[in-house]
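Descriptive structure summary
Read off the chains here:
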Amino acid sequence: MTDPIKRCRLVLVTPDIADAAELAAVTADALRGGDVASVIVPQHALDEKSFQKRCEALVPVIQAAGRVRPDGLHIEVGPTAMAEAVARHAPGLIVGGGNARERHAALSIGEAQPDYIMFGSIAGDIKPEPHSKNLALAEWWADMIEIPCVVMGGTSTAFVEDMAQTGAEFIVFGQAVFSNPAEAPRIVAEINAILDEKAPRFGR
């Protein structure tokens, strides 16, 4: 993930739409809404072949929107698996994520030097608000550690400012953006407008 904009930026998690062409179109529409730092494409319940087909449909769309290359690996694992992934794939690929449910786990994962650490799961947007524990962890991490952090949102965008105020470099939304695909570009634009107006600016 890159950060030329000196404020918190938006990351999107693509929805589980079976038709790859439809998913690509929905994602392209969302990206037209404004700045998106990165796009996470979950495997959901797909087998490897189907997931590869989905990625092949999405990658050109994401590239055409001018976002980062498909050069990342997001994994929700503990310290040992994260260390193994970093050793295997970095620096050729961006490796980040984690399974940081409390401070000790976060610090242990951070020792592997991932490119970012995430508070919350990409499948964790089940309530309107982001989990208060994830906000607290992100605030603690952003204040102490230089490794960028990402905080997962809920099903509502009403808490964008709260998420940004943690100091997290990135905030993530899935269902909040894609539950009504036709509204996705507008929602992305609204999130960016809030971040432009309300998000703290980074000095580093």
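Structure shown above.
In short, a report on the structure.

1. Examining the packing of aromatic side chains
Per the counting criterion, the structure on display carries 2 aromatic pairs. Note on Trp140 and Trp141: the rings are 5.9 Å apart at their centroids and 65 degrees apart in plane angle, and the pair reads as edge-to-face. Both residues of the pair, Trp140 and Trp141, count as buried. Here the aromatic cluster, defined as three or more aromatic residues joined through ring pairs, consists of Phe119, Trp140 and Trp141.

2. Focus: unusual backbone geometry
Residue Pro91 follows Ala90 across a cis peptide bond; omega there is 0 degrees. Residue placement: Pro91 occurs in the loop between helix H3 (79-89) and strand S4 (94-97). Although it is not a glycine, His44 adopts a positive phi angle of roughly 50 degrees. Locating His44 in the fold gives a position in the loop between strand S2 (38-40) and helix H2 (48-64). Phi is positive for Gln113, which is not a glycine, with a value near 60 degrees. Relative to the helices and strands, Gln113 resides in the loop between helix H4 (103-110) and strand S5 (116-119). With a relative accessible area of 55%, Gln113 lands in the exposed category.

3. So, the pairing of strand S6 (residues 149-152)
Neither face of S6 is open: one carries Cys149 and Val151, the other Val150 and Met152, and all of them are buried. Summarising the sheet, S5 and S6 pair through 3 bridges and their orientation is parallel. Paired with Phe119 across the strands is Val151, a residue of S6. For the handedness criterion, the β-α-β arrangement of S5, helix H5 (residues 132-144) and S6 is classed as right-handed. With 3 bridges connecting them, S6 and strand S7 (residues 170-173) associate as parallel partners. Following the sheet pairing, Met152 is matched in S7 by Val172.

Procedures and definitions
- Residues numbered from 1 in each chain as written.
- Predicted model: local features only at pLDDT ≥ 70, side-chain atom pairs only at ≥ 80, totals over all residues.
- Heavy atoms only, no water.
- Phe/Tyr/Trp six-rings, centres within 6.5 Å; stacked < 30°, edge-to-face > 60°.
- Buried < 20%, exposed > 50% of the residue type's maximum accessible area, 1.4 Å probe, protein only.
- Helix = DSSP H or I, 4+ residues; strand = E, 2+ residues; numbered from the N terminus.
- Pairing = 2+ DSSP bridges.
- Right-handed = clockwise from strand over helix to strand, strands pointing away.

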